[in-house]
Amino acid sequence: MQLTNRAKKLEQKPLTFAESIYLPAIAQGLGITLKHFFSKKATIQYPEEKRPFSPIFRGLHVLKLDEQGRERCTACGLCAVACPAEAITMIAGERQKGEENLYREEKYAVKYEINMLRCIFCGLCEEACPKAAIFLQSDKMAPVFTERDQVIYGKDRLVEDINNRANTGIQKFISEAEMTPKLR
Amino acid sequence: MELALIIKIIVIVVIFSITLLIATYSTYAERKVAAWIQDRSGPNRAGPFGLLQPIADAGKMFFKEEFIPAHSNKWLFIAGPALAMLTALMSSAVIPFGKSIMVGENYYPLVGIDVNIGVLYIFGLVSLGVYGIMVGGWASNNKFSLLGALRAASQNISYELAMGLSMVAVLMMYGTLSLTEITLKQTGFNWTIIYQPLGFIIFLVCAFAECNRTPFDLPECETELVGGYHTEYSSMKLGFYLFSEYINMFVSSALMATLYFGGYNYPGWHYVYSIVTEHFGHATGHNVYVLIGTSVFFAKILFGIFFFMWVRWTLPRFRYDQLMDLGWKGLIPTAIFNIVLTGSAILAQDYFQFKGIYFAIYYGGVFLLIIGGILWSFLNYKKKIVLVKA
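All figures in this text were calculated on a predicted structure; none of them were measured in a lab.

A word on the overall build of chain A. From N to C terminus, chain A includes six helices and six strands. Secondary structure elements in chain A, listed N-terminal to C-terminal, are β-α-α-β-α-β-β-α-β-β-α-α. When each of the 184 residues of chain A is scored for burial, the buried share is 18%. Partitioning the intrachain contacts of chain A with sequence separation of at least 6 by distance along the chain shows that 78% fall at a separation of at least 24.

Printed below as a string of structure tokens:
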């Protein structure tokens, strides 16, 4: 029944003989499939080959050190407040007399933990940090864990190695020395 | 123990193990062929090129929990997959894998059992195969399994009719039910396919339906009936059902190769025989020649198995009513027409004593069928107008 006058009229013809026996169409389909059988495959063999990440990929977190090897993080808590998933917790502490070469300012993070199961890798902590301390690396991802207690990353797994500085995305094109004047 | 008995036992054990081996690696080949057609590479982690994948699959099946549903008939539940496997394996016994090998002074044929009713035996086993599905569906105590089993059983019996009718045409040509005799008569390039292409197409379609392979895999697709008749099965019993499908594929390919493609015969066998007997001497040369024939047979079977997989990833599934229409209204009349055509062609050939008459009548009949079909579709031509809301 026609409700509007915009309805289209279609002709539906019955099948021709060649269509009704299906065989010519099957043969054509078999040809297409065979062509795909011999074509180049789109699979890459992970983990031997990997597809490259973009330079602004948000991967595993890292707490950076400045060019003298001192931790930049001052446990101000802005990253914890910014985190939408409440994954970051920290305990602040006062820098003692002999620890000047370890921490930049008088306040430092005694304990800094990120719960990797809560983290959504959004990068808001990186945007919020005033000391350019926390970054999300663009070449590493959080590795697979097998136990629940491996999931909370402490400072031992987050602070970068002084000899093997981490790639921090677009920031990696700026050297450590250039970075220091930008700190507030 | 006599030498004949020992050789027979060796032949049977070898045929049995080759059947199982080919079925096992069919599962691997299925995944690889499916992957290559879909522009990806298949399993390649379990051993070099993924060749140990079937063992991993078997191990997985073995370690799963075996359970039997409550309120089900325990013996029938176990008997279902056992029946399916039994009939699948038994049908590989009558296929001639090669001509007779010569040991000492006697010839020993490379068949499991050398009966002269090979075709009838296979046909009987195919009919028994319906039991495996039906029993499995009933014993699951699950209405959906029962419906799936009913559909599978009805599909099976519809298509075995057309299969039998196309085999009747082959029988008329050779006058014997014995598969070894049929293969012996197809020497060189004198294969049945050039005499009966229509019968081959019918047999091919029915082989797909008997093995529950796409496009006729309604009984076992997950989207239609959850799992169909093997919903409630797990672990080794499910493994048996799936494995019996691959064995059925192997046996169907072997039967097609035997009936229509000349089995172990190939063109140029005279030349190969003379070279091999010259090189190796009479006795060993004969055996080498027979083994070459067997490897040609296996090449045909492996191509048949590849064809099953190739079609699976090309065609969509038939709906149940389309399936039944095709079986009863499409294939059986065509098979009967094929029998009539073959009969008249053979009679004319015998009367006129001229081989060309057979081809003239048979191919003329097929041509007339095609013309008749085209005319029929012209007569049925009517335009249907369908309104579509814009």
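What chain B contains, in helices and strands, is 13 helices and three strands. Taking 2.2 N^0.38 as the reference for a compact globule, 390 residues should give roughly 21 Å; the C-alpha atoms of chain B span a radius of gyration of 23 Å, in line with that estimate. The dimensions of chain B, computed from C-alpha atoms along their principal axes, are 70 × 65 × 40 Å. For chain B, buried positions account for 37% of its 390 residues. Of all intrachain contacts in chain B linking residues separated by at least 6 positions in sequence, the fraction that spans at least 24 positions is 77%.

On to the environment of Ala153(B). Residues and elements named next belong to chain B. Mapped onto the elements of the fold, Ala-153 is located in helix H5 (residues 143-174). In the structure, Ala-153 is positioned 42 residues away from Tyr-195 in sequence and 32 Å away in space, judged by C-alpha atoms. Ignoring sequence-local partners within four residues, the contact set of Ala-153 consists of Val-130, Ile-133 and Met-134.

Next up on the list: the domain arrangement of chain B. Residue and element names in this part refer to chain B. Each domain of chain B was delimited in the assignment, giving domain 1 (19-63) and domain 2 (69-379). Measuring from the centre of the C-alpha atoms in domain 1 to the corresponding centre in domain 2 gives 24 Å. Of the residues lining the interface, 13 residues belong to domain 1; the matching set on domain 2 comes to 15 residues. Elements that contribute at least two residues to the side of domain 1 that touches domain 2 include exactly helix H1 (3-37) and helix H2 (53-63). Ranked by the residues each element gives to the side of domain 1 that touches domain 2, the list is headed by H1, at 10 residues.

Time to look at the nonpolar core. Grouped together as the largest cluster of nonpolar side chains are 76 residues, with contacts concentrated most on Ala162(B), Ile202(B), Cys206(B) and Phe250(B). Looking at which element gives the most residues to this core, the answer is helix H9 (residues 235-260) of chain B, with 13 residues. Of the residues that make up this core, three or more belong to each of domain 1 (19-63) and domain 2 (69-379) of chain B. Residues contacting Cys206(B), with those up to four places away along its chain left out, are Tyr159(B), Ala162(B), Met163(B) and Leu331(B). Counting residues in hydrophobic clusters, the runner-up holds 22 residues, among them Leu60(A), Ile88(A), Tyr103(A) and Ala166(A).

Another point: the interface of chain B and chain A. Taken together, the contact pairs 23 residues of chain B with 23 residues of chain A. Among the elements of the structure, H1, helix H13 (355-379) and strand E3 (384-388) of chain B are those that each provide at least two residues to the side of chain B that touches chain A. Among the elements that make up the side of chain B that touches chain A, the one with the highest residue count is E3(B) (five residues).

Turning to the sheet that holds strand E3 (residues 88-94) of chain A, a few remarks are in order. An order of E3-E4-E6 (chain A) is seen for the three strands of this open sheet, with the pairing classed as antiparallel. Each edge of the open sheet is held by one strand with a lone partner, namely E3 and strand E6 (152-153) of chain A.

Turning to unusual backbone geometry, a few remarks are in order. In this chain, Tyr46(A) is followed by Pro47(A) through a cis amide linkage whose omega measures 0°. Take Pro47(A): it is sitting in the loop between helix H2 (23-37) and strand E2 (61-63). Phi angles above zero are rare outside glycine, and Phe121(A) is one such case at about 55°. When you line up the elements, Phe121(A) lands in the loop between strand E4 (107-115) and helix H4 (124-128). Judged by local crowding, Phe121(A) falls into the partly exposed class, with 16 C-beta atoms found within 10 Å. Here Asn141(B), not a glycine, exhibits a phi torsion of approximately 60°, which is positive.

This brings us to the confidence of the model for chain B. Residue and element names in this part refer to chain B. Counting all residues, the mean pLDDT for chain B is 88, and 96% of those residues have values of 70 or more. The spread of mean pLDDT over the elements of chain B runs between helix H8 (residues 222-225), the lowest at 58, and helix H7 (residues 197-210), the highest at 93. Predicted complex, confidence summary: ipTM 0.84, pTM 0.85.

The next point concerns the packing of helix H12 (residues 320-352) of chain B against H13(B). Residues and elements named next belong to chain B. In the contact formed by H12 and H13, the axes pass within 7 Å of each other and the chain directions differ by 155°. Of the possible angle classes, the one that applies to H12 and H13 is roughly antiparallel. As for the relative orientation of H12 and H13, their crossing is right-handed in sense. Between H12 and H13, the residues in contact are Phe-337, Leu-341, Thr-342, Ser-344, Ala-345, Ile-346, Ala-348, Gln-349 and Phe-352 and Lys-355, Ile-357, Tyr-358, Ile-361, Tyr-362, Gly-365 and Leu-369, respectively. Residues belonging to the contact of H12 with H13 are distributed by class as follows: 11 nonpolar, four polar and one charged.

Our focus in this paragraph is H9(B). Residues and elements named next belong to chain B. Over its 26 residues, H9 runs 37 Å from end to end, which matches the ideal 38 Å to within 8%, given 1.5 Å per residue. Most of H9 is tucked away, with 20 of its 26 residues classed as buried. Looking one or two places after H9, you find Gly-262, whose phi comes out positive at around 80°.

Here E3(A) pairs with E4(A) via seven bridges, running antiparallel. Each residue of the ladder has a partner; that of Met90(A), found in E4(A), is Tyr112(A).

For the rest of this paragraph, the subject is H7(B). If you check H7(B), its first and last C-alpha atoms are 20 Å apart, about what 14 residues at 1.5 Å a residue would give, namely 20 Å. Contacts made by the buried residues of H7(B) are with helix H4 (118-139), H5, H9, helix H11 (282-312), H12 and H13 of chain B.

Relative to the assigned elements, Ile113(B) resides in the loop between strand E2 (106-108) and H4. Put simply, Ile113(B) and Ile12(B) are 101 residues apart on the chain and 8.4 Å apart in space, counted from C-alpha to C-alpha.

It is worth spelling out the packing of helix H3 (residues 74-90) of chain B against H9(B) at this point. When two helices pack together, their arrangement is given by the angle between the helix axes and by the axis-to-axis distance. Residues and elements named next belong to chain B. It is the contact of H3 with H9, at a shortest axis distance of 9 Å, that shows an interaxial angle of 20°. As far as their axial angle goes, H9 and H3 are roughly parallel. Here H3 runs over H9; the crossing is left-handed. In this structure, H3 uses Pro-81, Ala-84, Met-85, Ala-88 and Leu-89 to contact H9, whose residues at the interface are Lys-237, Phe-240, Tyr-241, Phe-243, Ser-244, Ile-247, Asn-248 and Val-251. Among the residues forming the contact of H3 with H9, the class breakdown is 10 nonpolar, two polar and one charged.

Procedures and definitions
- Residues numbered from 1 in each chain as written.
- Chains lettered and ligands numbered in written order.
- Predicted model: local features only at pLDDT ≥ 70, side-chain atom pairs only at ≥ 80, totals over all residues.
- Helix = DSSP H or I, 4+ residues; strand = E, 2+ residues; numbered from the N terminus.
- Buried ≥ 20, exposed ≤ 12 C-beta atoms within 10 Å, placed from the backbone.
- Contact = placed C-beta atoms within 7 Å.
- Rg over C-alpha atoms; globule rule 2.2 N^0.38 Å.
- Domains from an automatic or database assignment.
- Core = buried A, V, L, I, M, F, W, Y, C linked by C-beta atoms within 7 Å.
- Pairing = 2+ DSSP bridges.
- pLDDT = per-residue confidence, 0-100.
- Axes fitted to C-alpha atoms, helices over the stretch in contact; angles between N-to-C directions.
- Parallel < 35°, antiparallel > 145°, perpendicular 65-115°, else oblique.
- Left-handed = near helix turned anticlockwise from the far one by under 90°.
- Nonpolar A, V, L, I, M, F, W, Y, C, P; charged D, E, K, R; others polar.
- Expected span 1.5 Å × (residues − 1).

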